[in-house]
Every structure is written in structure tokens, then in C-alpha cells.
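# Coordinate analysis (summary)
This is what each chain is made of:
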Amino acid sequence: MGKKKILFSILSLKKNDFNYSGGGNYAITLINILEEANYEIIFLYDSLYEIEKDILKVIKFDRKKKIDINEFINSNDLEKYIDDNFKLFFSPVREKFRNFNFKKVKYIYPIHDLRDLELKYNFTSLKYVIGVKKKIKRIIKIIITPFYLKKLKARIFPKKNEIILTVSDYTKYSIKYYFPTINLDSIYVIPPIYHSGSYSEKNIEKKVLREVGVEKENFYFLTNANRWEKNIELFIETYDKLIDTHQLEKKALILGVKKNIFKVKNRDKFIFLDYVDYERLDIFYKNCYAYIYPTLNEGYGLPPVEAMKYGTVIIAAANTAIFEVCENGVIYFKSNSRNELANKILKIEYSKEDYFKMKIKSKERYEILNSTNILIKEKYLQLFERLLNY
């Protein structure tokens, strides 16, 4: 009996776009699960876009069969080729194929969140957008919000032969809220797999921290600063004030800053970096004093889980799917309240008893989540098997 075959789109893994996001991790982990289950994975990719070398290595790109979308004259030819040659087609995002109307192939795509419907963009978000064309596009979205939302809903609603996969009950019921006619049984909820090992070698941790200019457990850590919805500015304003009033001495290391748009008074206490590779990201999660997650909206929220792996203390926004994922493993605050965020930071600064209690709770929550990995893998494989034999 031959291998079970699946076409897997990696169009979203292009450089500087998807690589170090939760969605990128999700795609890579799923590739590994399918490979372990002896699936034949054929990659659909775009040769005109570069993918990071470490990503290519992890997904074993050179060893896989590949289909370049540039080999097809138009999207209709690509749609027909996929429909005629595969039973299963998976894409980490639906955007590229939303106009396709597959008749035979089962098309699976995850909806990680409904952020564009739940979280209305405003003019404050413009400063996070780089490039004139992208700014104009964002302005149009803001101005014609009702029309844009109607169009967005049409793009999201599943067509025949499309299978919705999501990562949390929160997103499942959010889909039901925005699409009342949808059958809940058609939405599959399977959380992401948790990486239990370490990406980094212990002997390089001190070197990496020294190069960045921080010391072990003497800095606060944040990620994804180039995205408005991650709400990093609220932390920066709060933290800058705490330093200004001589209540804090630790530095803040903030990743994802492609263009520094943040104004700070105590510049020497802030370290702004672009995105880093998995090894350095892992080192920062492990060695920070606390990880801060002030996000405005999440369909899941993988970064806190990555930090929990080391028993890192986490201060997280009290909204959307964060409760479901983190439960009692983090300290919560209202994502629109600088006062409440400051309160929680001061609590772990001045109450070492509370700080060490939260380290224990953080690690315990991770162990619970990590213990479900085998079951989650089985759920993915059962879904794909069922669709192959449908």
C-alpha cells in the first residue's frame, strides 16, 4: 500500500512574513506530524519568494516533492490541477485560495482567530503599517468598515468541500456568533502541539544575553511589537513611567521592531530588536524575569505557552482565548488599563512570595498542556484519515 498523499501549501512561510509567528509554528508542527505518520507531503510553493534557511531545514524542503505555482498560466489551471490530482489539500491560511471552488479535493484550512471581525482597526494602528500602499489600504478598511466586514465575512464562510479547523473553543463559538447558520459539527477544534524541548544550547545562553545587553532574570520580555493588536505600546508607556518614578531598574527587551515608532523617555532601559531566530527566542523566554503579553485579541495565544515551558512568570491580557489556554498559569490584567498593568508588575517586583508562586503555577500549567500532545497528534491524524476515506 502506498503512502497517503497530501498537498501542503507553504506559500505563507515566506521570509519576514510568517516565520516566527504562531501560525508559522503551527504549519511546521503539522508537517512534522504528517511526516511521522508516513504521509507523502507535496509542497505547493512560490519560487519568487524566499523562505528563511532555518525553516527550509526544519521542513526538509530539499527532500520533498514540490509544485511551483509559477508553473501554471493562471489560477484556474492551478485550481483544476489540485482538484484532479489530490484528495487532501492543506493551507495554513485560506487567503490565497478563497476564490477557488474545489469539486473533488478536500480543502482544509485553519481559522486561528476572527480578529478582523472582532477587533476594529482605527487610525492609531496606522503608525504600525510600513509602506504607502499598505497605509492607504488600511485607511480604506477603516473608513469603509461596514462594507469591508461584509466582504470579509463572505471570504471566511466555507464553501463546499472546505473543512474548517480551529485551535480553540473560543474561536469555534466566535465563528458561530458571526455565522449563525454554520453547523458547529463542521468546525474541528484541535489545539496546536507544544514544543517540549529546548531550541538552545545552554553554553551559548550567557553569550546571547551579553550580546543583547541583558542579564539572566533581570529583564522583562515582549514579542511582536510591529503589530498594533499586540498592544505593546501600552506596556512601553506604563513601564517608562515606572522607571521615571524610580520604581523599576530592570530593562525591557522588545522583539519585532522593524521600525522604531515608540517614544520613550528612559531610552537606556529599553532594548528594541527585530525578530530573532527560534534559538534566541527560546533563550529570552527562559531567562527573562517575566514575559508580558498585553494582546488585544487572540484565537489561541502560543507565546505564553512557550514561556511557561520554563516556569517563567507571565502577565497576560484578560481577554479572548487567553483564559482557555493559560487558565491559572498567568497573572491577568485588563488590556486597556495602564494602572492595572503597573499594579501587576509592581506585585511581582516587590512580593517575591507571589513571584515564586506564579513560577510554580506557570510550570504546572505547561505540564498539563504538554501532556495532551499525544492526544492532539491522534486527533489531527484521525481527521486527515477520515477525510481521505470520505
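What comes next is a walk through the structure. Fair warning: this is a prediction, and the values are worked out from it, not measured in the lab. (Residues numbered from 1 in each chain as written. Predicted model: local features only at pLDDT ≥ 70, side-chain atom pairs only at ≥ 80, totals over all residues. Heavy atoms only, no water.)

### Side note on the overall build of the protein
Counting its regular elements, the protein contains 15 helices and 13 strands. In terms of overall dimensions, the protein is globule-like: its C-alpha atoms have a radius of gyration of 22 Å, near the 21 Å expected for 390 residues. Working note: accessible area of the protein is about 19300 Å², and carbon and sulfur atoms make up 52% of it. When the 69 positive and 50 negative side-chain charges of the protein are each reduced to one mean point, those points stand 3 Å apart. (Helix = DSSP H or I, 4+ residues; strand = E, 2+ residues; numbered from the N terminus. Rg over C-alpha atoms; globule rule 2.2 N^0.38 Å. Areas by Shrake-Rupley, 256 points an atom, 1.4 Å probe, with all protein chains shown as cover. Lys, Arg positive; Asp, Glu negative; His and termini not counted. Charge placed at Lys NZ, Arg CZ, Asp CG, Glu CD.)

### Focus: the environment of Ser168
Assignment of secondary structure puts Ser168 in the loop between strand E6 (162-166) and helix H7 (169-178). Under the relative-accessibility criterion, Ser168 is labelled buried at 0%. Taking the C-alpha atoms as reference points, Ser168 and Ser75, 93 residues apart in sequence, are found 32 Å from one another. Apart from the residues within four sequence positions on either side, Ser168 is in contact with Val189, Gly299, Tyr300, Ala321 and Glu324. (Buried < 20%, exposed > 50% of the residue type's maximum accessible area, 1.4 Å probe, protein only. Contact = heavy atoms within 4.5 Å.)

### Some points on the state of the cysteines
Per the counting criterion, the structure on display carries zero disulfides. Cys288 carries a free sulfur, and the closest cysteine sulfur to it, the one in Cys326, is 14 Å from it. Judged by its relative accessible area of 1%, Cys326 is buried. (Disulfide = S-S within 2.5 Å.)

### Thoughts on the sheet that holds strand E10 (residues 270-273)
Spatially, the six strands line up as an open sheet ordered E10-E9-E8-E11-E12-E13, and their pairing is parallel. At either margin of the open sheet sits one strand with a lone partner, and together these are E10 and strand E13 (331-333). On average, adjacent strands in this sheet sit at an angle of 20° to one another, irrespective of strand direction. Lying on the sheet, helix H13 (residues 338-350) is in contact with strand E8 (219-222), strand E11 (290-293), strand E12 (313-317) and E13; it crosses E13 at an angle near 155°. (Pairing = 2+ DSSP bridges. Axes fitted to C-alpha atoms, helices over the stretch in contact; angles between N-to-C directions.)

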